[in-house]
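So the chains spell out like this:
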Amino acid sequence: MKFIIDRFDGNKNYQQTYTVEKKDIEALTLLGTLLFIKQHQDLTLNFTASCRMAICGACGVRVNGHAYLACDTKMTELFEEYKDTDIFRISPLSNYTVISDLAVDWEPAIENLRKVKPGLVAKSEFSEKEGCRQNQEQYDRIVGQWDCILCGVCASECNKLSADRSDYMEPFVYTRAWKVANDSRTKDPMIHVKPSVTNGLWNCVHCHECTNRCPKHISAAEDIAGLRAMAMRKGLNSGVGPAHAKSFYTDLVEDSGRLNEIRLALRTEGVSTALRAGTAVTLMRAGKMNPLEIFGGHTIEGHKDLVKMIKAAQAANKE
Ligand code: FES
């Protein structure tokens, strides 16, 4: 098998190919394979790892373009997933600055984490009887997010970060903010929600790649949606993002039940911006928008049931 590994020596990027017998690595994990190459072929190969049991989050790398937790990925799984090839391209996580070979700089991501105050800021008053103990329901609400090990796989897969890192944070940062904001012992959820809003919460592009690849099956995309809902409930609802969300609601519930692209653009960006920036005009030219739809369209079949479903989801979200 061939492993083409992206390397960086501090000055230049290059690729190095290592040839390994399949029988030597088929019982190993991906991390085991990297260690095998380091021990048997090239001591200079750099990567990070510590616990080897999917706890420390240090061993994220990409294989053939997608991020994996190396110690939690069996080579047999990779052979199955990429059964048409015996060549694997191993690269550092995307959306991070590379320090050396497969090792990346975590400091900017940790700085982002600090912005949302990821540690619990507990309320000062607890009942004398219960103290700060949580009941099962309160614990279950946040236990999934406790599993996040900050491996960076979600950030590597994030299409928004790939396009522009300047106005967004790593998806796991929002997951952390969601977790502490939804902890029954928190003093004030807004301590975590507000900095999420001011640091790109509404800029998620809904590709869900963070969710698809998370080795702990956590949905950062859902946590982002949850934080947005919390922000809007608390009155943080100005700007393009909340206007866009409200427009979806208006179309689905108050209007015909059909998403109306022309109204969506106008409501989200405002008439002058939508026309000036050309969004509406471009969509109309491409046949994506029917100008007549500005007057609304036929109500869809089953609209009453759709409204019932949305109202039920809203009620559940408020609980
Ligand atoms: S080495 Fe710790 S998570 Fe992989």
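Residues numbered from 1 in each chain as written. Predicted model: local features only at pLDDT ≥ 70, side-chain atom pairs only at ≥ 80, totals over all residues. Heavy atoms only, no water.

Looking up the protein chain in an unreviewed UniProt entry gives the name Periplasmic flavoprotein, small FeS cluster subunit, with the organism given as Sulfurospirillum halorespirans DSM 13726.

Novice: Tell me what's going on with the overall build of the protein chain, and back it up with residues and numbers.
Specialist: A count of helical and extended segments in the protein chain gives 16 helices and seven strands. Dimensions along the principal axes, computed over C-alpha positions, put the protein chain at roughly 70 × 65 × 40 Å. In the protein chain, buried positions account for 43% of the 319 residues. Excluding contacts between residues fewer than 6 apart, the proportion of contacts in the protein chain whose partners are at least 24 apart in sequence is 65%. Surface accessibility of the protein chain: about 17,500 Å² in total, with carbon and sulfur atoms responsible for 52%. Counting 41 positive and 40 negative side-chain charges, the protein chain places the averaged centre of each group 4 Å from the other. (Helix = DSSP H or I, 4+ residues; strand = E, 2+ residues; numbered from the N terminus. Buried < 20%, exposed > 50% of the residue type's maximum accessible area, 1.4 Å probe, protein only. Contact = heavy atoms within 4.5 Å. Areas by Shrake-Rupley, 256 points an atom, 1.4 Å probe, with all protein chains shown as cover. Lys, Arg positive; Asp, Glu negative; His and termini not counted. Charge placed at Lys NZ, Arg CZ, Asp CG, Glu CD.)

Novice: Before we move on, can you summarise helix H8 (residues 171-181) with the specific residues and values?
Specialist: Counting buried residues along H8, 11 of its 11 residues qualify, which places the element largely inside the surrounding structure. Taken as a whole, H8 has its buried residues at Pro171, Phe172, Val173, Tyr174, Thr175, Arg176, Ala177, Trp178, Lys179, Val180 and Ala181.

Novice: Report on the domain arrangement of the protein chain, specifying residues and quantitative values.
Specialist: By domain assignment, the protein chain separates into domain 1 (2-103), domain 2 (106-233) and domain 3 (240-318). Look at where the C-alpha atoms of domain 1 and domain 3 centre, and you get two points 45 Å apart. (Domains from an automatic or database assignment.)

Novice: Please give an account of the sheet that holds strand E1 (residues 2-8) that cites residues and values.
Specialist: On the basis of which strands lie adjacent, the open sheet formed by five strands has the order E2-E1-E5-E3-E4 and mixed pairing. Looking at which strands have only one partner, the edges of the open sheet turn out to be strand E2 (13-19) and strand E4 (66-69). Neighbour-to-neighbour, the strand axes of the sheet open up by a mean angle of 30°, direction not taken into account. Where E1 meets E2, seven bridges bridge the pair, whose relative direction is antiparallel. The residue bridging Phe3 from the neighbouring strand is Tyr18, located in E2. Against the sheet, helix H2 (residues 30-40) makes contact with E1, E2, strand E3 (60-63), E4 and strand E5 (87-91), and its axis sits at roughly 75° relative to E1, the strand it touches most. (Pairing = 2+ DSSP bridges. Axes fitted to C-alpha atoms, helices over the stretch in contact; angles between N-to-C directions.)

Novice: How would you sum up the packing of helix H4 (residues 107-115) against H8? Please name residues and give values.
Specialist: Where H4 meets H8, the closest approach of the two axes is 9 Å, and the angle between their N-to-C directions is 25°. Between H4 and H8, the angle is such that the two are roughly parallel. The two elements H4 and H8 cross, and the hand of that crossing is right-handed. Between H4, through Ala109, Asn112 and Leu113, and H8, the contact on the second element is made entirely by Phe172, Val173 and Arg176. (Parallel < 35°, antiparallel > 145°, perpendicular 65-115°, else oblique. Left-handed = near helix turned anticlockwise from the far one by under 90°.)

Novice: I'd like a description of the pairing of E5, backed by residues and values.
Specialist: Pairing between E1 and E5: four bridges, direction parallel. What sits directly across from Ile5, in E5, is Ile90. The sheet contact formed by E3 and E5 spans two bridges and is antiparallel. Opposite Val63, over in E5, you have Ile90 as the bridge partner.

Novice: Hey, could you go over the side chain of Ser256 for me, with residue numbers and the actual values?
Specialist: Mapped onto the elements of the fold, Ser256 is located in the loop between helix H12 (240-254) and helix H13 (261-269). On the basis of relative accessibility, which here comes to 9%, the residue Ser256 falls in the buried class. Beyond its immediate chain neighbours, meaning those up to four positions away, Ser256 contacts Asp251, Gly297, His298, Thr299, Ile300 and His303.

Novice: Go over the packing of aromatic side chains with me, naming the residues and quoting the values.
Specialist: On inspection of all chains with the given rule, the structure shows six aromatic pairs. Ring centres of Phe79 and Phe88 lie 6.1 Å apart, and the angle between their planes is 45°; this geometry places the pair in the tilted category. Exposure class is identical for Phe79 and Phe88. Each is buried. Aromatic pair Tyr96 and Trp106: ring centres 5.1 Å apart, planes at 40°, arrangement tilted. Taken together, the positions of Tyr96 in the loop between E5 and strand E6 (97-100) and Trp106 in the loop between strand E7 (103-105) and H4 put the pair 10 residues apart, joining distant regions of the chain. Here the aromatic cluster, defined as three or more aromatic residues joined through ring pairs, consists of Phe3, Phe79, Tyr82 and Phe88. Above the face of the Phe47 ring, Lys38 is positioned so that its terminal group lies 5.9 Å from the ring centre. The ring of Trp146 is capped by Lys179, whose NZ or CZ atom sits 3.4 Å from the centre of that ring. (Phe/Tyr/Trp six-rings, centres within 6.5 Å; stacked < 30°, edge-to-face > 60°. Lys NZ or Arg CZ within 6 Å of the ring centre and 35° of its normal.)

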